[in-house]
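# A structural walkthrough
Listed below are the residues making up each chain.
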Amino acid sequence: AQTVTQSQPEMSVQEAETVTLSCTYDTSESDYYLFWYKQPPSRQMILVIRQEAYKQQNATENRFSVNFQKAAKSFSLKISDSQLGDAAMYFCAYRGRYNNNDMRFGAGTRLTVKP
Amino acid sequence: DTAVSQTPKYLVTQMGNDKSIKCEQNLGHDTMYWYKQDSKKFLKIMFSYNNKELIINETVPNRFSPKSPDKAHLNLHINSLELGDSAVYFCASSQGRLAGYEQYFGPGTRLTVT
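My aim in this report is to walk through the structure given alongside it, one point at a time.

The rules we used
Residues numbered from 1 in each chain as written. Chains lettered and ligands numbered in written order. Predicted model: local features only at pLDDT ≥ 70, side-chain atom pairs only at ≥ 80, totals over all residues. Heavy atoms only, no water. Helix = DSSP H or I, 4+ residues; strand = E, 2+ residues; numbered from the N terminus. Rg over C-alpha atoms; globule rule 2.2 N^0.38 Å. Buried < 20%, exposed > 50% of the residue type's maximum accessible area, 1.4 Å probe, protein only. Areas by Shrake-Rupley, 256 points an atom, 1.4 Å probe, with all protein chains shown as cover. Lys, Arg positive; Asp, Glu negative; His and termini not counted. Charge placed at Lys NZ, Arg CZ, Asp CG, Glu CD. Contact = heavy atoms within 4.5 Å. Buried area = accessible area lost by both parts, 1.4 Å probe. Polar contact = N/O pair within 3.5 Å; in protein donor to acceptor, adjacent residues only side chain to side chain. Core = buried A, V, L, I, M, F, W, Y, C linked by side-chain atoms within 4.5 Å. Salt bridge = Lys/Arg side-chain N within 4 Å of Asp/Glu carboxyl O. Disulfide = S-S within 2.5 Å.

For the rest of this paragraph, the subject is the overall build of chain A. A tally of regular secondary structure across chain A gives zero helices and twelve strands. Taken over C-alpha atoms, the radius of gyration comes to 14 Å for chain A, in line with the 13 Å a tight globule of 115 residues would show. Expressed as lengths along the three principal axes of its C-alpha atoms, the size of chain A is roughly 45 × 25 × 20 Å. Evaluated residue by residue, chain A yields a buried proportion of 51% over its 115 residues. Entry remark: accessible area of chain A is about 5,600 Å², with carbon and sulfur atoms responsible for 43%. The distance from the centre of the 13 positive side-chain charges to the centre of the 11 negative ones in chain A is 3 Å.

Let us now look at the interface of chain B and chain A. The interface of chain B with chain A comprises 27 residues on the first partner and 23 residues on the second. Surface buried jointly by chain B and chain A totals about 2,000 Å² across both partners, of which 48% is contributed by carbon and sulfur atoms. Of all residues in chain B, Lys41, Ala99 and Phe105 of chain B give up the largest surface area on contact with chain A, accounting jointly for 26% of the area buried on that side. Linking chain B with chain A are nine residue pairs in polar contact (both at pLDDT 80 or more). Listing elements by their share of the side of chain B that touches chain A, those giving two or more residues are strand S4 (31-37), strand S5 (43-50), strand S6 (53-56), strand S9 (87-94) and strand S11 (109-113) of chain B. Broken down by element, the side of chain B that touches chain A gets its largest block of residues, three residues, from S4 of chain B.

To continue, consider the nonpolar core. Residue and element names in this part refer to chain A. In this structure, Tyr25, Trp36, Phe75, Leu77 and Tyr90 are the most contacted members of the largest nonpolar core, which totals 25 residues. Looking at this core, the elements with two or more residues in it are strand S3 (19-21), strand S5 (32-39), strand S6 (46-52), strand S8 (64-69), strand S9 (74-79), strand S10 (88-96) and strand S12 (109-114). Among the elements that make up this core, the one with the highest residue count is S10 (four residues). When sequence neighbours within four positions are dropped, the list of residues in contact with tyrosine 90 reads Gln6, Leu21, Trp36, Tyr37, Lys38, Val48, Phe64, Leu77, Ile79, Gly108, Thr109 and Leu111.

Here we come to the environment of lysine 114 of chain A. Counting through the fold element by element, lysine 114 of chain A comes out in strand S12. Beyond its immediate sequence surroundings of up to four residues, lysine 114 of chain A is in contact with Ser12, Val13, Gln14, Glu15 and Leu84 of chain A.

Per the stated rule, a full pass over the model turns up seven salt bridges over all chains. A salt bridge links aspartate 86 of chain A to arginine 63 of chain A; the shortest N-O distance between them is 2.8 Å. Taken as a pair, aspartate 86 of chain A in the loop between S9 and S10 and arginine 63 of chain A in the loop between strand S7 (60-61) and S8 lie far apart in primary sequence, 23 residues in all. Exposure remark for aspartate 86 of chain A: the relative accessible area of 3% places this residue in the buried category. The shortest N-O distance in the salt bridge between glutamate 82 of chain B and arginine 63 of chain B comes to 3.5 Å. Of this pair, glutamate 82 of chain B sits in the loop between strand S8 (75-78) and S9 while arginine 63 of chain B sits in the loop between S6 and strand S7 (64-67), placing them 19 residues apart in sequence. For arginine 63 of chain B, a relative accessible area of 13% gives the class buried. Each of the salt bridges in this network shares a partner with another, and the network as a whole consists of Arg63, Glu82 and Asp85 of chain B.

A few words now on the state of the cysteines. Here the structure, examined in full by the defined rule, presents two disulfides over all chains. Here cysteine 23 of chain A connects covalently by a disulfide to cysteine 92 of chain A, the sulfurs 2.0 Å from one another. With the S-S dihedral at roughly -70 degrees, the linkage between cysteine 23 of chain A and cysteine 92 of chain A falls on the left-handed side. Here cysteine 23 of chain A, found in the loop between S3 and strand S4 (24-26), pairs with cysteine 92 of chain A, found in strand S10; they are 69 residues apart in sequence, far enough to count as distant. With relative accessibility at 2%, the residue cysteine 23 of chain A sits in the buried group. Each sulfur in the disulfide pair cysteine 23 of chain B and cysteine 91 of chain B lies 1.8 Å from the other. Linking cysteine 23 of chain B and cysteine 91 of chain B, the disulfide has an S-S dihedral of approximately -75 degrees and is accordingly described as left-handed. Of this pair, cysteine 23 of chain B sits in strand S3 (residues 19-25) while cysteine 91 of chain B is found in strand S9, placing the two residues 68 residues apart along the sequence. Overall, the relative accessible area of 1% leaves cysteine 23 of chain B in the buried class. Note on cysteine 91 of chain B: relative accessible area 0%, which makes it buried.

Structure representation (structure tokens):
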């Protein structure tokens, strides 16, 4: 079974600075997708960024970028120029391309942004 | 307009009761899901439903049953509620079952069983 590990239960960052959230995963599949979801206090789950495993280029979405290391099975999220609104739980997720795949989530990292 | 909506947002009930949570999506999506988020924030798939095909996570007790009256709705029925069922339940939808499709989540329903 695929597992997703987020080793940082909590992180904090100063407003306007950069923070990196870690995620590793375990899989025997070669083709899959990785996601970062944000869950603010409102509880709403929001997709932040998505990476396709067969693409070597790291995905970016404005201030959010990933460092995808397929061989190391690592998928970290970098948030640049952190804003107060970035404060939330961040979940890393994995989904295999085939075989009635389910989305599997990590345990989450709570990010605090200090003004 | 809300893309994925759930009702109610909060549900408090006693052990042994039967309850339902409704989910509706107005995105025209073909696939819908139910997730459970426990008190430690761990999020786990319960069901996925696509074109009348139901895929059930094997860890879900059979007291939980999804019902889909049409493509836009996937309701969750829970029989004989137990204390351990207390959690936040999220409905989600996606364009299809392909892994790359974004899943759009509802606002969640916080279920408290006393």
